[in-house]
Structure formats: structure tokens, C-alpha cells
Amino acid sequence: MAGHVSLNGWDLAIFFAYLLGTISLGFWVSRRGRRSNTSRGYFLGDRKIPWYVVGASMVAADISSEHFIANVGGAYQHGIVLAAGSWNTWIIYSLLIWVFLPYYVRTGLYTMPEFLERRYNTACRYIFAVFLVIGYVAAILAGSLYAGGVALESIFGLQVEYGIVFFAVAAGLYTIYGGLAAAAWTDLLQMVVLMGAGLLVPVLALSHAGSLVSMAHEFPEKFQMFHPPTSKPFPFTGVFTGFLTVGIWYSCTSQHIVQRVLGAKNEWHARMGVISAGFLHIITPCFFVLPGIAAYKLFPHLERPDQAYLVLVKTLVPAGLKGIILAALSGALMSMLSTVLNSAATLVTMDLYKRVLNPNVSEAGQVRCGRWSGAVLLLASIGIAFGYAASNTPLFVKVQNVFFYIAPPFAVIFTLGILWRRATGAAALATIISGFCFTWLLDFWLFPHISFLSPYNTYLHRALLAWVFCMLTMVSVSWLTPAPPPEKTEGIIWTPKYASLPPEEQRRYRGLKDFRIWWLLFVSIILAIYGFFIWFRFQHPWS
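Residues numbered from 1 in each chain as written. Predicted model: local features only at pLDDT ≥ 70, side-chain atom pairs only at ≥ 80, totals over all residues. Heavy atoms only, no water.

1. Some remarks on the side chain of Ser144
Next, step 1: Note on placement: Ser144 falls in helix H8 (residues 122-156).
Next, step 2: By relative accessible area, Ser144 is classed as buried at 2%.
Next, step 3: Among the polar contacts made by the side chain of Ser144, one reaches the main-chain carbonyl oxygen of Ile140 at a distance of 2.7 Å. (Helix = DSSP H or I, 4+ residues; strand = E, 2+ residues; numbered from the N terminus. Buried < 20%, exposed > 50% of the residue type's maximum accessible area, 1.4 Å probe, protein only. Polar contact = N/O pair within 3.5 Å; in protein donor to acceptor, adjacent residues only side chain to side chain.)

Now the structure itself:
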């Protein structure tokens, strides 16, 4: 075992000062302008969130404490290919900016299930809402709490259950009270801390391991972005098609990511927020991937790759600075918790309580429901996280794969729902039901038992085939069922006019404020990075 990391007084002072600052900021933001008194203020931050907060919150919502442990361990084992998860956002965010976002913002949506009812039918709305709430509680909230507890136990010796309760209370206090505004603005603080602390470990690691150039020559296999189709678990045929399934579902249709965009001041702030999130994703691999590769150079015979980050912190980070690492770990987890908790409470209130149980609920009643549902969901997450802690099986890993398991049908029905006028509600329901069944067949029967498929048995390939199946199902059933009436698709189907900002915003945001300039720069940087790794692959062919 790598042992625990010792903390001195300065470490503890830094951590508790950060914790106090985060909670204080959350309450201050929620009180400022009394945004938490209305449903729009509580669930959408009164639609006054600026672009830089939107971007920071989107990225903070995507990073949790397990990234510091699991992703560094993954990079230790598999190398630079793990960075593709961040860099491939150029595809997903481009789809969000140009296709999905204009409709979401211009029509004043509160939730993603609401879109499915407008485009298809009520059944699709309820299915998606219930699925998201269950997934958020059982997988993301409980899983993140458990991962945070394990991280504190592994690094600092705190019992897992105490860590679970600690993080739940710390993040739940300001999130349940203040809603989206409190969550988003504290995410900005978390991102600043994450940037500082996240870069500390890779800088120290590279100072001891040597330059990236020297490591690339010494370990060229760790710098291969494009692995063969039979390579597991990250073949290029899966890594660069994942945007069709989990990518679209997670970043373009999942409530906890899109809700940040819905709370933006206007469409320009929404688009620039997504672009700024893209720029942040360019550098986030520095936090997790580079330390893993450096750890492989410094400690090549670790018993478990997941020990890599702990060993780096214990060995390289001097006393007095370990508190910054603890703050970064806590910040990443609290961002994830506050984001998902607020989104789950929004779904319960707007898609289930208001829609089914109490259609005439007042503004104050909606806010009360949001707070009470947030508290109940958090308690449920704590209970499930305790169950993970008591289990001797890798249950958490299995639960995290749930989203790769069921993302394809929702990615398909959202995409065709906004791009194809002929897509029908009956086809959407058929796609959801058959898509789940087909993915189960892929996972438990087709890939394990058919010799032709077995060499390609990774969750990424299974998700791709499930996406193809769902696309064929959606198109076929749509043609076999009556077309939706024109009023059902009016104003929803994408047209080229969605590519431009509304006329007033076009006049206001010109020159260097033109979001298209910054989007093009973001995409160009990513393509240049991939160009380098293509060149590197030809210099060091697959073995």
C-alpha cells in the first residue's frame, strides 16, 4: 500500500479556508437579488449567468474526485489516449452550439424531458425524466460520494462513511438553499482552485520525470492516440465514434450539463460559455493524463495503477501544499454533487411534481419542492453510497458504465427530433425500448459468444452498434407510422437561421466578440493536436 498522506497545520488551514469560502459564496450568491424566491431564479439562476461562469460550471460539473484517482491510474496504464475524452468535446460542443443550443435557449426550456414532450409525446418525457433522476441518484450522486469517501480514506485515512456524509453536507447546504446560481458560481471558484492545484502535481512530476519529448522517445506506446480496432479498452474506432452515443447524450441532452446553458444571460453568453468550456477541456488532460504518464516513468512497478496519484502526492508535494490538493479533490467532488443535485431536483419539480401531482403549484411552492426533493435525493444518495462502501464487489465501476449502456437511444431520438421532421413519437418509444433490449443482447450474448465480434468487445464498440441499431429503428418506425402534424414540429426542426445569433445580438457582439472567431480557434487547436498525434503514429507504428 502507498500509505496515507500526512497533513500539517498549513494544509488543514488551507482546506478549511477553502471550504468556508465555498459555502459562504454559495449562500451570498443565493441571497444576492433573492434569486432563490422564484422558480426561474432557483432552477435557472434567473437566466443571468455570464459566459465565463457557464463555461467553468460545465467543466466543473464534468470532473469529480475519482478523476484524480481513476484517470491518473488509467493514464499510467494506457497513456495519452485518455485525453481523447476531453479533446473530443470539439465535436460534441460544436453540435451543441450550432444545432441544439439555439432551440433550447430561444424557446425558454426548463428541462430536457420537456423537449421530448413538445417534439414527441408525454410518455417520452416521463420515461426520460424518471431515468435521469434514478441515474443521477444511483450512479452520479451516490457514486461520486462513494468515490470521495474512498479518496479521503486512501489519501488521508478518514473512514469512508464519514467522508460520504462530510461531502454530502458540505455541498448540499448551499445547493439546496440557493439552487442553480449558487451551484454555478461556486463551480467557478472550484475551477480556479482546480486549475491551481491540478497543475501542481503534473509540474512537479515532470520536473522529476523529464520533458514530454524525452518520455515520448522512451515510452512511445504511452503517446499513441490511435490504437488498433482490437485494442482494449480504447480502440480508435470506439474512441472517435463515442460522440454519437455518450457524447451527444451527456453534453447535449443531459439536464445537469445543459441546465448551465439554459441559465445564461442570452444566446451569445450561452454559446460563448460552451466555447470557453471547450478551451478548458484542452488543458484538463494536464491534470490527469500527464501525471499518470510521469508516474509510469518514476514508479514503473506499482502494484495497482490507481495508486499513481497518491504516490505522486506523497512523494513530490511538499508539506504545506498538500492542503491545496485536498481542496482540489473536494472542489471537484462538490462541483459534481451541487450540479447533479440541482438538476435532479429540477426534474422532480418541473417534470414530475408540477406536471403530474400539482399543475397549479405556485412559484413559492415550486421552490419549496425543489429544496425538499433535493434533500430527499441527497439522503437517498448517501444511503446508496453506504451500500457501495459495504459491498465487496466493484459495484461502483458497474454503475458508472450504465450511462454508456443506455445512452444510444436517447442520443438518437434527440438528434433526429431536432433534425428530421418525419421522426414520430411512436418511433421514439420503440427506439427507447428496443434500444435497451438490443444493448443488453450486445453486452451479454452477441459480443461474448460470436467469434467474429469477440475481439472487438469493448463498451465503446457496443455503444456504437447500439447507436446504429437505434438509428435504423427510429427511421424505419417513423416511415411506418403517421407523420407528426405540422404544428407538432413547428419551430423545432433545425434550419440554417439557427446558426446565426438573433439580429439584436448580432449587432451587439461584433468584431472580437463574434463567437464564431473563438469557436474556430478552439476547433483549430484541437485539430492541430490531433495532427501531431497522427504524425507521431506514423513515426512510431503500431506493434
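Having seen the structure, we can now continue with the description.
2. Quick look at the pattern of salt bridges
Next, step 1: Applying the stated criterion across every chain, the model contains ten salt bridges.
Next, step 2: Linked through salt bridges whose partners overlap, the residues forming this network are Glu117, Arg125, Asp351 and Arg355. (Salt bridge = Lys/Arg side-chain N within 4 Å of Asp/Glu carboxyl O.)

3. Let's talk about the environment of Phe27
Next, step 1: Secondary-structure assignment places Phe27 in helix H1 (residues 9-31).
Next, step 2: Here the alpha-carbon distance between Phe27 and Ala430, two residues 403 residues apart in the chain, equals 45 Å.
Next, step 3: What Phe27 contacts, discounting residues up to four positions off in sequence, is Leu173, Tyr174 and Tyr177. (Contact = heavy atoms within 4.5 Å.)

4. With respect to the environment of Pro202
Next, step 1: Within the fold, Pro202 resides in helix H9 (residues 160-209).
Next, step 2: In this structure, the C-alpha to C-alpha distance between Pro202 and Phe287, residues 85 residues apart in sequence, is 6.5 Å.
Next, step 3: Every residue in contact with Pro202, bar those within four places of it in the chain, is listed here: Cys286, Leu290 and Pro291.

5. Structural notes on empty space enclosed by the protein
Next, step 1: One pass over the full model with this rule turns up two cavities of 30 Å³ or more.
Next, step 2: In this structure, the largest cavity occupies an estimated 40 Å³ of space.
Next, step 3: Lining of the largest cavity is provided by Tyr42, Thr175, Ile176, Leu341, Asn342, Ala345, Gly370 and Gly374.
Next, step 4: Counting only elements with at least two residues in the lining of the largest cavity, the list comes to H9, helix H17 (322-357) and helix H18 (363-390).
Next, step 5: As a volume, the second largest cavity reaches approximately 30 Å³.
Next, step 6: Along the walls of the second largest cavity sit Ala60, Ile63, Gln190, Met191, Leu194, Gly331, Ala332 and Ser335, which together make up its complete lining.
Next, step 7: Those elements giving two or more residues to the lining of the second largest cavity turn out to be H9 and H17.
Next, step 8: Tallied by class, residues from the lining of the second largest cavity come to five nonpolar, three polar and no charged. (1 Å grid on protein atoms, 1.4 Å probe; cavity = no way out; pocket = protein on both sides within 12 Å on 5 of 7 lines; lining within 4 Å. Points joined across faces, edges and corners; volume = space filled by probe spheres on them. Nonpolar A, V, L, I, M, F, W, Y, C, P; charged D, E, K, R; others polar.)

6. Let's talk about the layout of surface pockets
Next, step 1: There is about 350 Å³ of room inside the second largest pocket.
Next, step 2: When contributions to the lining of the second largest pocket are tallied by element, the ones reaching two or more residues are helix H10 (212-218), helix H14 (267-283), helix H15 (285-298) and helix H25 (515-539).
Next, step 3: Here the element with the most residues in the lining of the second largest pocket is H25; it accounts for five residues.
Next, step 4: Per-class residue counts for the lining of the second largest pocket are 15 nonpolar, three polar and no charged.

7. Observations regarding the packing of H9 against H18
Next, step 1: At a closest axis distance of 10 Å, the pairing of H9 and H18 adopts a crossing angle of 165°. Considering their axes alone, H9 and H18 lie roughly antiparallel with respect to each other. In this structure, H9 crosses over H18, and the sense of that crossing is right-handed. Residue-level contacts link Val160, Glu161, Ile164, Val165, Ala168, Gly172, Ile176 and Tyr177 of H9 to Arg371, Gly374, Ala375, Leu378, Ile382, Ala385, Phe386 and Ala389 of H18.
Next, step 2: Here the residues of the contact of H9 with H18 are counted per class, giving twelve nonpolar, two polar and two charged. (Axes fitted to C-alpha atoms, helices over the stretch in contact; angles between N-to-C directions. Parallel < 35°, antiparallel > 145°, perpendicular 65-115°, else oblique. Left-handed = near helix turned anticlockwise from the far one by under 90°.)

In short, geometric facts, not functional conclusions.
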